Amino acid sequence: MTRRKPLATGSDWNFETLEAYEHAIAALAREYRLDTYPNQIEIITSEQMMDAYASVGMPIGYHHWSFGKQFLSVEQAYRRGQMGLAYELVINSDPCIAYLMEENSLMMQVLVIAHACYGHNSFFKGNYLFRAWTDASAIVDYLDFARKYVARCEERHGVEAVEQLLDACHALQSYGVDRYKRPSPISAEEEVRRQDEREAYLQTQVNRLWSTIPLAVSGLAQEPPHDHENDPLGLHRHGRYPSEPQENLLYFLEKNAPLLEPWQREIVRIVRKLAQYFYPQRQTQVMNEGWATFWHYTLMNRLYDDGQIDEGIMLEFLQSHTAVVSQPGFDSPYFNGINPYALGFAMFSDIQRICRAPTGEDREWFPDIAGSDWLETLHFAMQNFKDESFIQQFLSPKVIRDLKLFSLVDDDRDDSLQVEAIHDDRGYRRIREALSVQYALSAREPNIQVWEADIRGDRSLTLRHVQDRRRPLGQSLFPVMRYLHQLWGFPIRLESMEGGDVVRRYQWPIPESSRESA
Amino acid sequence: MSYFIDRRPNARNKSAVNRQRFLQRYRSHIKRAVEESVNRRSITDMERGEKVSIPAKDISEPSFQHGPGGRRTVVSPGNKDFAEGDRLRRPGGGGGGQGGGDGQAGNQGEGMDEFVFSLSREEFLDFVFDGLELPHLERKQLQVLEETRPVRAGISKEGVPARINIVRSMREAQARRIGMRAPLKRALREAQEALESEERKDPVLRNPARIGELKSEIERLEKRIESIPFLDTYDLRYNHLTHQPMPSNQAVMFCIMDVSGSMTQAHKDIGKRFFLLLYLFLERNYEKVELVFVRHHTVAKEVDEEEFFYSRETGGTIVSSALTLVNSIIEARYAPEQWNLYVAQASDGDNWDDDSSTCLELLDESLMRKLQYFTYVEITPHAHQALWEAYDTVRAAYPERFAMQQIVQAEDIYPVFRELFRQRAQS
């Protein structure tokens, strides 16, 4: 076979070579059926990359000090050489925006185009979580709307008032998602059009809920058995509000907090909508990075096989790729948890191997996919899972062996740690189970839900925390409760539950009596 | 489908607002850190930014998190020799965050206890001089020609080619062309019509002489139209600039230091730091700051910076000699109407016995009227002498313009400086 002449050589790039490579990669991506949004590839400087970093990957955002803090720490680390900037940043939008740094070598630019513009991009477009939770075509417009709205509020109500509100909302932003309901996608046009209408409507809803004239309040639980002894007039027979526990704290506050002004409700909503936009990313880190890494590896190798890149670029690529997917052991000074690139790449590569060249072990563990069409299976895996279920479904004994995974139990009732499972026949399933749980959002973040708003009593809001394996809440609990109190306007109670019983109670503001005793 | 966009020319300080918000929010923390660093490092390297660290817990953004305790299982890579059922000693302390096995909890924060970032030089000095005010900062009107600034003042017919206003010139040219062509074109049209009607006539009735006449007329008119220039010197318009006198924004700082035998190098260093602080401060308030160094023992002499700080002298002390020299320099070079004048004096308080009253007289009668501000620092751990008392009288007479403080050691400089220039309530 005669090799084609490479499209370019050396490490310098220009727009013509980038376009040529983009074109070549696009052709290969079509062959692999990578379905993507159109790519908008932007060349930026390292300063601009730091800006992009600081705004947590949003191309435009409202102003807040926490982004400034982020910027300062990135800048500090970069200037002191502790950290290189990521070579790319990609935004889940339609068209999909990817940033390429001008300092990158030609190899890096080609790698980033393969990784971000075809890997991540097709993941954004294909994975079920992204499809259900985000609307790529609307996000940029919505961000623009949010930025302008927040700026207008700052003009009207002062920077400080808005900042305090945002602080409080940010503290709760992990609790701004309906985990089990399909959300309505966000659209900027719609938001602007409906905003005034909604402000007025929301306020009437809240007023109705809190009105002292008894009205039939919708959403209350079915009447519980009436306690004739203590409540002969049946004042409390209407039951708890809300009738079902609410996991979306920000949504609940937006709709029900008694004292918030309409503009404040709108800002709560903005934070909630943006949290929702990032929600899938938090749950698909291993898959997303693994998918993108798998494809840049595959595409770069194809480019080399077709003679479109030369040995020099290929060697540089292999070096960079090896660094990206390296996984230091737990006792290495470089260890910083499991590297999602390494785990994800190992898993997707392994699925490909299981399909193409299954061993007896694979046939036993994965009867459905062993020997099947690898491309088909890979697309299926990418589309229908999140980290938790992906690991549960596809983590193979071979990957466990390769990474030498082991699980360690740390129980505060036990005075030593115990190795629960290692990479052997008895351990594979247990390790897979434990690793899957490790990526479950419910295990990473405490499960806290709105239990009751005492609309007939002291207006206090009660939250319930269901403990996960007896793990208590951390120190940051009280500052968060203080923020909750700022939003709700009345006392906040929090109950930690273990097996149906309340094991700890917290309250904010801290009641006078307990302060005296303390 | 893909397309490339080159964003490099775009603005790069997208985060500037957020950065400022952060600095604003943690003002008090940063100020504390800056003050500590000012005291720590030599004033001579005020010219750079500063790394500031704030306790991370003060700026953390709280969220609900799992605390230590309960039962947790952690999967980690890189097993070497563990076997199932092995029991390991818990690495010290108990809580989350340490040891290899606990990476998950370790990443949740609480590990880093200092948030470190850099302030630029500008930001740093902003914090150093925060809440300070330059007393009697005035913008002085100046008549001298150099202190004017060109301002655009409409359009003129005369000017140099460099300032030609192309749009206006072309517009003038077009108007002129239209205006000058109009009668010629009308005449041309009439002549052409006449020629046509003449030519349409029956050949017998034609008047060849008339036709010839008309043809030459047309030719003449066409030539004239053509000869109208596209652009005439008459059309040219120039941007007109006038020179507006500019309020002067310049200051002179006189540094006076006693270099008699009683002043040790340590004293001089303290003095130098004080002068530097003042210089940086003035530099932030004025576009142009000139420095004049005057040192004295029994006689005063204007010197350059190097000599001012480092050369050694001995002998007695006559402070008034320096004040007289400053006065004459002002008269010779820095007219008070044009310059903001500041004097900073450092001394150990020694003076020739009956010279202090001369100083008082000099200050009271001529110098203080010209000066914006006079600061005097006395570097001594000892009791005050006659000079201090004389100056105290001046301070009583000019409380707004005269400040004095005592410095015992280097650490005092910054607080004393702040005291001298703290923002005074508007009265």
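Quick caveat, the model's predicted, so the values are computed rather than measured.

About the cut-offs
- Residues numbered from 1 in each chain as written.
- Chains lettered and ligands numbered in written order.
- Predicted model: local features only at pLDDT ≥ 70, side-chain atom pairs only at ≥ 80, totals over all residues.
- Helix = DSSP H or I, 4+ residues; strand = E, 2+ residues; numbered from the N terminus.
- Buried ≥ 20, exposed ≤ 12 C-beta atoms within 10 Å, placed from the backbone.
- Contact = placed C-beta atoms within 7 Å.
- UniProt positions renumbered as here; feature names shortened; annotations may be inferred.
- Domains from an automatic or database assignment.
- Nonpolar A, V, L, I, M, F, W, Y, C, P; charged D, E, K, R; others polar.
- Pairing = 2+ DSSP bridges.
- Axes fitted to C-alpha atoms, helices over the stretch in contact; angles between N-to-C directions.
- Parallel < 35°, antiparallel > 145°, perpendicular 65-115°, else oblique.
- Left-handed = near helix turned anticlockwise from the far one by under 90°.
- Expected span 1.5 Å × (residues − 1).
- Arc of directions from axis to C-beta.

Across its full length, chain A holds 21 helices and nine strands. Per-residue burial over chain A gives 43% buried out of 518 residues. Taking the intrachain contacts of chain A between residues at least 6 apart in sequence as the baseline, contacts between residues at least 24 apart amount to 71%.

Moving on to the UniProt feature "domain: SpoVR-like C-terminal" (unreviewed entry) in chain A. According to UniProt, the "domain: SpoVR-like C-terminal" (unreviewed entry) feature falls on residues 446-498 of chain A. Between the first and last C-alpha atoms of residues 446-498 of chain A the distance is 13 Å; the span itself is 23% helix and 38% strand.

All names here are of chain A. Partitioning chain A into domains gives domain 1 (15-127 + 284-318), domain 2 (139-209 + 242-282), domain 3 (325-442) and domain 4 (446-517). Contacts between domain 2 and domain 4 engage 18 residues on the former and 14 residues on the latter. Among the elements of the structure, α7 (159-171) and α9 (249-256) are those that each provide at least two residues to the side of domain 2 that touches domain 4. Counting residues per element, the side of domain 2 that touches domain 4 draws most heavily on α9, at four residues. Here the side of domain 2 that touches domain 4 is composed, by residue class, of 14 nonpolar, two polar and two charged.

Turning next to the pairing of strand β10 (residues 300-303) of chain B. Note that strand β9 (residues 288-296) of chain B and β10(B) share four bridges and pair antiparallel. Its bridge partner being in β10(B), B:Val294 is matched across the sheet by B:Glu302.

Residues and elements named next belong to chain A. Closest axis-to-axis distance for the helix α4 (residues 106-126)/helix α11 (residues 285-305) pair is 8 Å, and the angle between their directions is 135°. Classified by the angle their axes make, α4 and α11 are oblique. Once α4 is placed against α11, the crossing between them reads as right-handed. Between α4 and α11, the contacting residues are Leu111, Ala114, His115, Ala116, Tyr118, Gly119, His120 and Phe123 on the first element and Asn288, Trp291, Ala292, Thr293, Trp295, His296, Leu299 and Met300 on the second. When its residues are assigned to classes, the contact of α4 with α11 shows ten nonpolar, six polar and no charged.

Each α-helix winds once per 3.6 residues, and so residues spaced three or four apart point in a common direction. Residue and element names in this part refer to chain A. With 17 residues, helix α1 (residues 15-31) extends 24 Å between its outermost C-alpha atoms, agreeing within 8% with the 24 Å of an ideal straight helix rising 1.5 Å per residue. Those residues of α1 that fall on the buried side of the exposure criterion are Leu18, Tyr21, Glu22, Ala24, Ile25 and Ala29. The buried residues of α1 occupy one face: seen down the axis, they fall within an arc of 165°. Facing away from the buried side of α1, by more than 90 degrees, are the exposed residues Glu16, His23, Ala27, Arg30 and Glu31. Just downstream of α1, Arg33 is the residue with a positive phi angle, here 55°.

Turning to the sheet that holds strand β3 (residues 71-76) of chain B, a few remarks are in order. Strand order across the open sheet formed by four strands is β3(B)-β4(A)-β5(A)-β4(B), with antiparallel pairing between neighbours. Both outer strands of the open sheet, β3 and β4 (87-89) of chain B, are each paired with one neighbouring strand and no more. With strand direction ignored, the average angle separating the axes of adjacent strands in the sheet is 30°. As defined by bridge partners, strand β4 (residues 406-411) of chain A adjoins β3(B) across six bridges and the pair is classed as antiparallel.

Turning our attention to the sheet that holds strand β11 (residues 340-347) of chain B. All names here are of chain B. Across the sheet, six strands lie side by side as β10-β9-β8-β11-β12-β13; this open sheet has mixed pairing. Edge positions in the open sheet fall to β10 and β13 (402-407), since each of these has one partner strand only. In this sheet, neighbouring strand axes are inclined to one another by 20° on average, regardless of whether the strands run parallel or antiparallel. Here strand β12 (residues 373-379) pairs with β13 via six bridges, running parallel. In the strand pairing of β13, Phe374 is matched with Phe402. Lying on the sheet, helix α11 (residues 386-397) is in contact with β12 and β13; it crosses β13 at an angle near 145°.

Looking now at the interface of chain B and chain A. Interfaces are often described in size by the accessible area the parts lose on coming together. Counting residues at the interface gives 55 residues for chain B, matched by 81 residues for chain A. At the level of secondary structure, the elements contributing two or more residues to the side of chain B that touches chain A comprise β1 (2-6), α1 (16-25), β3, β4, α3 (103-106) and β5 (114-119) of chain B. When its residues are assigned to classes, the side of chain B that touches chain A shows 18 nonpolar, 21 polar and 16 charged. Sheet analysis places strand β5 (residues 416-421) of chain A next to β4(B), joined by three bridges and oriented antiparallel. Its bridge partner being in β4(B), A:Ser416 is matched across the sheet by B:Arg89.

Attention shifts here to the domain arrangement of chain B. The assigned domain composition of chain B is domain 1 (16-59 + 114-130), domain 2 (161-240) and domain 3 (250-421). Each of domain 1 of chain B and domain 2 of chain B has a C-alpha centre, and these two points are 75 Å apart.

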